[in-house]
Amino acid sequence: MTELATAAPHPAVTPDQPVRRWRTVSAIAWPLLGLGLAIGGWWLATALFAVQTIILPAPPDVVSAFRALRGELLAQTGHTAVATLLGFGLSVLVGVVIGAAIAAWRPFERMFQPLLVAFNAVPKVALAPLMLIWFGYGRTPVLAMAFMVCFFPIVLSTATGLTTTPADLAELVRAMDASRLQTFRTVRLPAALPHIFVGLKVAMPLALIGVVVGEMQYGESGLGTIIVQTSGQGDTATAFAAIVLLAVVSIVLYYSLVLVERLLLPWVRATTSAR
């Protein structure tokens with residue numbers, strides 16, 4: 001009896017634990033299944049229709065090309081990833097400031113929002129010759145291209161978030177005689193963060209696209225340069241290996257941003273309905 005009384009009780013299994021395990025397994029299994037189906041369909045298409053490697057290489061050809069140039073491809077992947085983060089970070093700094101200015105001062109919005117919309121409508125590739133004249137070759141025009149591509153969604157999401165504060169919260173802080181700075185820090189900014197992160201998640205893949213376009217036009221390093229060089233030489237397998245690495249970089253950066261959002265905004269998932 002004494003041994004039974006002093007024995008440590010086993011931790012109880014809550015009903016939520018099996019559900020959480022299933023969600024974790026499904027979150028990994030479904031993407032892997034989708035990836036397997038995509039690769040299988042790609043492989044099957046090249047085998048059934050006898051597609052030449054120079055037109056569409058099979059997955060084994062892409063793997064062989066990656067193994068042959070693994071060091072170079074991984075080094076260029078690092079260049080592209082760093083340029084993407086730099087361009088994205090610059091866009092966040094400038095875009096959030098301009099979006100906050102649009103939300104805070106109506107004349108600023110009326111003066112510059114039409115110009116921002118017009119600038120966003122201009123195809124950025126059309127500016128490539130001018131950027132070559134302005135910046136020359138190297139990293140600067142690549143970062144400028146990334147900035148121009150992903151700048152507008154951040155401005156729009158920031159301005160939208162800061163101008164859609166829930167009315168009950170705004171009335172509450174107004175009744176408490178809070179200053180504009182206190183209202184911004186305690187109510188408007190926290191309420192706007194979900195909107196801002198939507199813009200950031202839209203802008204992150206766009207930043208990678210802008211970097212690759214810049215590398216193809218006037219870059220001296222990066223996966224975009226590899227794609228241009230190898231495709232021009234008929235080495236389609238290596239070009240596809242670089243494209244696959246771009247996809248991996250995009251996935252990693254995007255879901256890293258999703259993780260940051262979940263860590264910084266834990267109340268969003270708790271206060272919204274799940275599917």
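Residues numbered from 1 in each chain as written. Predicted model: local features only at pLDDT ≥ 70, side-chain atom pairs only at ≥ 80, totals over all residues. Heavy atoms only, no water.

K.L.:
Kindly report on the UniProt feature "domain: ABC transmembrane type-1" (unreviewed entry) in the protein, identifying the contributing residues and their values.
P.N.:
Residues given the UniProt feature "domain: ABC transmembrane type-1" (unreviewed entry) here are residues 77-257. The span residues 77-257 is 86% helix and 0% strand, and its two end C-alpha atoms sit 19 Å from each other. (UniProt positions renumbered as here; feature names shortened; annotations may be inferred. Helix = DSSP H or I, 4+ residues; strand = E, 2+ residues; numbered from the N terminus.)

K.L.:
Could you give me a rundown of unusual backbone geometry, with the residues and numbers involved?
P.N.:
Phi angles above zero are rare outside glycine, and Ala50 is one such case at about 50°. Residue placement: Ala50 occurs in the loop between helix H2 (16-48) and helix H3 (59-68).

K.L.:
Please provide a residue-by-residue account of a nonpolar patch on the surface, values included.
P.N.:
Where nonpolar side chains cluster on the molecular surface, the patch consists of Ile28, Leu32, Leu35, Ile39 and Trp43 and spans about 510 Å² of accessible area. Counting through the fold element by element, Trp43 comes out in helix H2. A relative accessible area of 45% means that Trp43 is categorised as partly exposed. (Patch = residues over 30% accessible without salt bridge, like charges linked within 9 Å, V, L, I, M, F, W, Y side chains within 5 Å. Areas by Shrake-Rupley, 256 points an atom, 1.4 Å probe, with all protein chains shown as cover. Salt bridge = Lys/Arg side-chain N within 4 Å of Asp/Glu carboxyl O. Buried < 20%, exposed > 50% of the residue type's maximum accessible area, 1.4 Å probe, protein only.)

K.L.:
How would you explain the UniProt feature "transmembrane region" (unreviewed entry) in the protein if you had to name every residue and give the values?
P.N.:
Here, UniProt's "transmembrane region" (unreviewed entry) annotation points to residues 30-58, 78-103, 115-137, 143-170, 191-213 and 239-260. Between the end C-alpha atoms of residues 30-58 there is a gap of 23 Å, over a span that is 66% helix and 0% strand. Helix and strand shares over residues 78-103 are 100% and 0% respectively, and the end C-alpha atoms of the span are 37 Å apart.

K.L.:
Any chance you could break down the side chain of Thr84 for me, citing the residues and the numbers?
P.N.:
Position of Thr84 among the secondary structure elements: in helix H4 (residues 70-104). Given the relative accessible area of 0%, Thr84 is considered buried. Among the polar contacts made by the side chain of Thr84, one reaches the main-chain carbonyl oxygen of Thr80 at a distance of 2.8 Å. Those residues in contact with Thr84 that sit more than four places away from it in its chain are Met204, Ala207, Leu208, Val211 and Leu253. (Polar contact = N/O pair within 3.5 Å; in protein donor to acceptor, adjacent residues only side chain to side chain. Contact = heavy atoms within 4.5 Å.)

K.L.:
How would you explain the packing of aromatic side chains if you had to name every residue and give the values?
P.N.:
A complete count under the given rule lists five aromatic pairs for this structure. Aromatic pair Phe108 and Phe112: ring centres 4.7 Å apart, planes at 45°, arrangement tilted. Taken as a pair, Phe108 and Phe112 lie in helix H5 (residues 106-121) at a separation of four residues, close to a single helical turn. Residue classification places Phe112 among the partly exposed residues on the basis of a relative accessible area of 35%. Considering the side-chain rings of Phe147 and Phe151, the 5.0 Å spacing of their centres and the 35° angle between planes classify their relative orientation as tilted. One end of the pair, Phe147, and the other, Phe151, are both in helix H7 (residues 139-162), four residues apart, so they sit about a helical turn from each other. Taken individually, Phe147 and Phe151 each receive the classification buried, so the pair is uniform in this respect. (Phe/Tyr/Trp six-rings, centres within 6.5 Å; stacked < 30°, edge-to-face > 60°.)

K.L.:
Tell me about the nonpolar core, and name the residues and values.
P.N.:
As a rule of thumb, soluble globular proteins bury nonpolar side chains together. Membership of the largest hydrophobic core comes to 28 residues, with the highest contact counts inside it found for Leu73, Phe88, Leu200, Ala242, Leu246 and Leu257. Going through the elements one at a time, H4, H7, helix H9 (180-218), helix H10 (223-232) and helix H11 (236-264) are the ones with two or more residues in this core. No other element matches H9, which puts nine residues into this core. Once residues within four sequence positions are removed from consideration, Leu200 is found in contact with Phe88, Val92, Ile154 and Leu257. Within the second largest apolar cluster, 16 residues are counted, among which are Phe147, Met148, Phe151 and Phe152. (Core = buried A, V, L, I, M, F, W, Y, C linked by side-chain atoms within 4.5 Å.)

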